[in-house]
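# Architecture at a glance
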Amino acid sequence: MMAAVTIKKKKNKFSEAPVFTEKKDYRPEGVKETGLAFVGHEISEDRTTMNQFLHYDQLYTIRHGWNSKFFIGLLDGKIMGTRCPKCGDSWVPVRTHCWNLDCNLEKTEWVEMPLTAKVHTWTVAGWSGRSSLKRLPIILVYAVVGNSKVAIANELHGLKPWDVEFGMPLKIVFKPKEQRIGAVTDFHFEPADGWKPSPMNKEKERIKKLVEPVYEWVKTLK
Amino acid sequence: MSRKVCIIGGATTPFDYGPTGFESIEGGAAECVKETQQDVPEFSLRDLDLMIYSHFSVHFGHQLAPEWIIHDHLGLVGLPHYRVENGGNTGGSALYAAALAVMSGHHDVVGIVGWETMDTVSQSQGSEFIAMASDIRYELMVGGIYPIYYAAMANKWMKENKVSEEDVATIAAKNKNNAMDNPKAQWYRNDHKYITVDDVMNSRLISYPIKKYDRSLMSRGVAFLVVCSEKYAKKVNPNHYVTVDGMGLSSCTIRAGDRLNNPGWKERYGPGYPEMTEFAACRNSAEQAYKMAGIKDPVKDIDFGEIHDAFSTSEAQIYKALGLADQTNIAQFIRDERTSMHGDIPMNPGGGLLGYGHPVGATGLMSTIECYYQLVGMIPQKHLSRKTEVPNPECGIVNSHAGTGTSISNFILRRH
Ligand SMILES: [Zn+2]
């Protein structure tokens, strides 16, 4: 015979809702959520072709959920990684479950990573998305933080674009606390203390020649 | 044994950008169908028993389920339909889905319509939209656009393989100049000029080592393709059909940095591969396609290809991932112009993404259609001259590629 089962009253929620006590708004001036609106049109001279302008601007909520500790860590000036208790692999960017199929999606644990890294590969950008144009040229590196098994992308500051090198040692530098927003842009890489660029060579001259017009172009941006 | 999969025809609209000559998406789809019917008069829309739609970003289209508009417009109510989306490999993935449908025996005649309208927003906003297929939590705000991720991967790859900026510039010039023979190509229609390696070298920096002429074009375009059983192919287009003899689809990490030490690849190919430099999903899907099609030596067995040159650098990386060359000879392979029209394995005679254009959802279909035209001898009627006709081809490869190499498909097409 089956054991008796007590059926409880229906729960209100499957889990406790978090209580949000810190809320910040750093929306750039002029950004509004207007939703969907037709805001204009144009018609060709012969009145056979029409273009219509639709404005579409929405506020999204990125629910970081189990990844939240990484982004909260950024606000605190920390790089939080995760580590698999079974195989020992660790990661920044984080994984909440191990990538090793032998570990069968083992839940990972949080570890604070050192604020040191090493360049894995790099590029010098002379063009970018709309929100980054004014900061060009940008040195973008993929760097390995501490003993992470993977590389994370971020900007490298504090040197001429042509001086970046494979394998160069880096430190992680955070923006002042009041400027942080809990996004990867809260930090960037800089050369480790004591690092010196190697002398100019053919490739460095080439990169220098490629970025010089970019400096000029950025000056023309409003 | 599963059934043979055939392609009997297809067409694209001209690829363009901006206000000129745009008919509407559903209008473009209709025109592609009509061009296909001119080439294959026996093909009727009534013969279709499944429609697959190939479209990447509703951000560009400002319309959810836009395929419903096209399907309705083509008069296909009642016919089953669904949309495939897989980044830049959307077209390849739609072809994969169509081939599976025919192979299974459940469907006989499958139509694919692919499209993208990337000129609905500014170029820089468009770049940012595409970059939303990166992991936006970690990458969108620090790289901002795909060329930067590709440049970081290519920079290291080129050094490790001793491939120079000039080497990849020859690929850019080759594809854009091939496009000058193709009236539907965006490079022919808009920029309309032959370029040299120097022009590429002197074009503005996008992200070192990638410059303006090393990257593909943002485009607007529509494509249509008919995938079917051999019985149907023999019925409606007995002299001009090709068979899909091999196909493969593979995947890799969304963030390129997560490829280091990845256990999934270590298990397949051993430690140290793919690093952040090799397109492992290309190698893996090519191996599947080669096995299925009985390709032993790709350079010998394949006559030409239409491959995903989103950047000139990626075309070089793809040569290696397809097994056309290895670390010891890839630079020489490029310098010997093996993939130009006078080479032994021409790549992107149709102009590729660099020349024809890259309206994402239509791109893989465009590559397939160009490959089809070559194999059935239709280049003289589709291109402006025979300069971009591969002489007497038997076997072509189609490659479609997404993300930072995050999803890649390869298809082996043979002349019947
Ligand atoms: Zn593990």
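This report concerns the structure included in the present document.

About the cut-offs
- Residues numbered from 1 in each chain as written.
- Chains lettered and ligands numbered in written order.
- Predicted model: local features only at pLDDT ≥ 70, side-chain atom pairs only at ≥ 80, totals over all residues.
- Heavy atoms only, no water.
- Core = buried A, V, L, I, M, F, W, Y, C linked by side-chain atoms within 4.5 Å.
- Buried < 20%, exposed > 50% of the residue type's maximum accessible area, 1.4 Å probe, protein only.
- Helix = DSSP H or I, 4+ residues; strand = E, 2+ residues; numbered from the N terminus.
- Pairing = 2+ DSSP bridges.
- Axes fitted to C-alpha atoms, helices over the stretch in contact; angles between N-to-C directions.
- Parallel < 35°, antiparallel > 145°, perpendicular 65-115°, else oblique.
- Contact = heavy atoms within 4.5 Å.
- Nonpolar A, V, L, I, M, F, W, Y, C, P; charged D, E, K, R; others polar.

## Structural notes on the nonpolar core
The biggest cluster of nonpolar side chains holds 164 residues, and the ones touching the most others in it are Phe70(A), Ile79(A), Val141(A) and Phe189(A). Core analysis: the next-biggest nonpolar cluster, separate from the first, contains 26 residues, Cys32(B), Leu48(B), Tyr53(B) and Tyr232(B) among them.

## What to know about the pairing of strand S7 (residues 220-229) of chain B
Residues and elements named next belong to chain B. Counting buried positions over the 10 residues of S7 gives 10, a clear majority of the element. With 9 bridges connecting them, strand S4 (residues 109-117) and S7 associate as antiparallel partners. Residue pairing across strands places Ile 112 opposite Leu 225, the latter belonging to S7.

## Quick word on the sheet that holds strand S3 (residues 81-84) of chain B
Residue and element names in this part refer to chain B. Across the sheet, which stays open at both edges, the 9 strands sit in the order S3-S2-S4-S7-S1-S8-S11-S10-S9 with mixed pairing between neighbours. The sheet terminates laterally at S3 and strand S9 (304-306), the two strands that pair on one side only. Taking the axes of each pair of neighbouring strands and ignoring which way they run, one obtains an average angle of 30° across the sheet. Here S9 runs beside strand S10 (residues 395-402); their pairing, made up of 3 bridges, is parallel.

## Thoughts on the pairing of strand S1 (residues 35-43) of chain A
Bridge analysis of S1(A) against strand S2 (residues 50-57) of chain A gives 8 bridges, and the strand direction is antiparallel. The partner of Ile43(A) across the bridge, within S2(A), is Met50(A).

## Details of the packing of helix H7 (residues 165-179) of chain B against helix H14 (residues 312-321) of chain B
Residues and elements named next belong to chain B. For the pair H7 and H14, the least separation of the axes is 8 Å and the interaxial angle reads 105°. It follows that H7 is roughly perpendicular to H14 by the angle criterion. Residues Val 168, Ile 171, Ala 172, Lys 174 and Asn 175 of H7 touch H14, and the partners they reach there are Ser 312, Thr 313, Glu 315, Ala 316 and Tyr 319. Grouping the amino acids of the contact of H7 with H14 by side-chain chemistry returns 5 nonpolar, 3 polar and 2 charged.

## Examining the environment of Asn178(B)
All names here are of chain B. By secondary structure assignment, the location of Asn 178 is in helix H7. Sequence spacing of Asn 178 and Gly 352 is 174 residues, and the spatial spacing of their C-alpha atoms is 8.5 Å. The contacts of Asn 178, once residues within four sequence positions are left out, are Met 341, Met 347, Asn 348, Pro 349, Gly 351 and Thr 388.

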